[in-house]
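Read off the chains here:
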Amino acid sequence: MSDRWLYGWGLASIGLGGASLIVPLYVVSLGGGPAVLGVLAAVAAVAGAPGALVVGRLADRTGHRRGYILGAIGVVAAGLAGVAAVESIPLVIVANAAIWFAFAAATPVLTLLVVVDAPESEWSDRIARLNEWQGVGWALGLLVGFVVVLVGERVVGLAPVTVQRLVCLVCAVSTGVGGLVTASALPKERESMPAPRRLQRAITAATRFGVRGASFPFTPVRMDVRGFHPRRFVRRFTPGLALYFVAVTLAFAGFGAFFAPLPAYLGEAGFGSDAVFGLYFALNAGAAVFFGVAATLVARYEVALVHVGSLAVRGVALPLVVVAGGSLAAAVPIFVVVGFTWAVIAVSAATLVTRLAPPIVRGEALGVYSALSAVAGGIGSVLGGWVAATSYGYAFGLAGALVFAGVAIVLVLRTRVGPDARPEQTVYSADATE
């Protein structure tokens, strides 16, 4: 995979990073309240699931992977331009759903395409590089939004709604240019593809629960959709893994309940769009900087306790955003802490799922974790938006309470499986070669 190919996808990812925040801000400017933001986030989460599953399988069957990737980039660019062109909240919700459907659709296809004709020893490195460039693009999208808003509102004196449309157009142009670069650099189609199980192992090894998940809790993880075998997974499904998935559901519902109404709250608290972009950038930067620290913590200490600690800190930090009020100096450290805790949660969660799942279904367990977190985030978004329509304090308090409920479940899990968090040996003793 050439660097030019990566540059193209990185440019396209700038549009995705900008869209993750500018679309909610635009909805608020159009008169949408926290309940509408909850619907916006939930619809995006629901749209992503069929995108990842259906399009991934179609691309695998037809072999037209280039076409699906370029089509997805085109839909993202058109969706961003469409958001800038309309003033109807329902139409914005539809366009936003199309954006995240396209992103989710491209995710598994990118993974398959990036390893075509590569030696198996290089798969993990290629997938990891792809993930890194997408994360860089996502963060740059937030930075671009900050700069455009700052110049447009503070220097030129444009109205906030006009500047927000301009950000959408800038992100659409970046995505479109990225599509052109990607089209010229993508490798030609190949009929041969790596064996699903071996590729699944590479994906499991190389996948990083990326920076973008710090403020977008229902981002799909890369997984080879051909490698999922429901019957085998159910037979190997351990009680410990099931208990942890309950904790995941509660925690990610809490994340969704916090992040969905957050843009509306920040606006009402007195933060301008530039400050909101700055806070989100600080959050994502905090996650990026601390991924190395998170890996060290997980390697040095008991993973369940590290996971509990990071969830507990985040559970406290989410309601503290209300306490900070409109003070930027007080809000920035809180957002950095929220980002840092995501880094630790992401790394420790991946480790827990890997340890709790029998080896033969570890890749599938990570895929289920991703899907479950997306669904829980969508449900939490609706719930948080609905409660925030009455009180942001109640909504963020609910978010923290849900996270702490997840903490309690993980503590119960620790007493059942012990500090090593290993799956029950008897669960996968039969048919071990399947």
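Structure: above.
The sections below set out a description of the structure shown in this document. In this text, all values refer to a predicted model and were calculated from it rather than measured experimentally. (Residues numbered from 1 in each chain as written. Predicted model: local features only at pLDDT ≥ 70, side-chain atom pairs only at ≥ 80, totals over all residues. Heavy atoms only, no water.)

Let's talk about the nonpolar core
- Among the nonpolar cores identified, the biggest contains 116 residues, and Tyr244, Phe255, Leu262, Leu266 and Trp342 are the most heavily contacted of them.
- The element contributing the most residues to this core is helix 13 (residues 328-356), with 14 residues.
- Split by domain, this core shows at least three residues from each of two domains, domain 1 (1-186) and domain 2 (230-418). (Core = buried A, V, L, I, M, F, W, Y, C linked by side-chain atoms within 4.5 Å. Buried < 20%, exposed > 50% of the residue type's maximum accessible area, 1.4 Å probe, protein only. Helix = DSSP H or I, 4+ residues; strand = E, 2+ residues; numbered from the N terminus. Domains from an automatic or database assignment.)

Comments concerning the packing of helix 9 (residues 239-259) against helix 13
- Packing of helix 9 against helix 13 leaves a shortest axis separation of 11 Å and a crossing angle of 160°. Classed by the angle they form, the pair helix 9 and helix 13 counts as roughly antiparallel. The way helix 9 lies across helix 13 gives a crossing that is left-handed. Of the residues in helix 13, those touching helix 9 at Gly240, Leu241, Tyr244, Phe245, Phe252, Phe255 and Phe259 are Val338, Trp342, Ile345, Ala349, Leu352, Val353 and Leu356.
- Class assignment of the residues belonging to the contact of helix 9 with helix 13 gives a composition of 13 nonpolar, 1 polar and no charged. (Axes fitted to C-alpha atoms, helices over the stretch in contact; angles between N-to-C directions. Parallel < 35°, antiparallel > 145°, perpendicular 65-115°, else oblique. Left-handed = near helix turned anticlockwise from the far one by under 90°. Contact = heavy atoms within 4.5 Å. Nonpolar A, V, L, I, M, F, W, Y, C, P; charged D, E, K, R; others polar.)

Quick word on the packing of aromatic side chains
- Applying the stated criterion to the full structure yields 14 aromatic pairs.
- Ring plane angle 45° and centroid distance 6.4 Å describe the contact between Phe103 and Trp138, whose orientation is recorded as tilted. Remark: Trp138 occurs in helix 5 (residues 120-156) and Phe103 occurs in helix 4 (residues 89-114); sequence separation between them is 35 residues. In this structure, Phe103 and Trp138 share a single accessibility class: buried.
- Measuring from ring centre to ring centre gives 6.0 Å for Phe252 and Tyr369, while their planes differ by 85°; the resulting arrangement is edge-to-face. (Phe/Tyr/Trp six-rings, centres within 6.5 Å; stacked < 30°, edge-to-face > 60°.)

Describing the pattern of salt bridges
- Applying the stated criterion to the full structure yields 3 salt bridges.
- Put simply, Arg165 and Glu87 hold a salt bridge, and the shortest N to O gap is 2.7 Å. Taken together, the positions of Arg165 in helix 6 (residues 160-185) and Glu87 in the loop between helix 3 (65-85) and helix 4 put the pair 78 residues apart, joining distant regions of the chain.
- Of the charged contacts, one joins Asp274 and Arg154 as a salt bridge, the two residues approaching to 2.9 Å between their closest N and O atoms. With Asp274 in helix 11 (residues 273-300) and Arg154 in helix 5, this residue pair connects regions lying 120 residues apart in the sequence.
- Its relative accessible area of 7% is what places Asp274 among the buried residues.
- Owing to a relative accessible area of 54%, Arg154 belongs among the exposed residues under this scheme. (Salt bridge = Lys/Arg side-chain N within 4 Å of Asp/Glu carboxyl O.)

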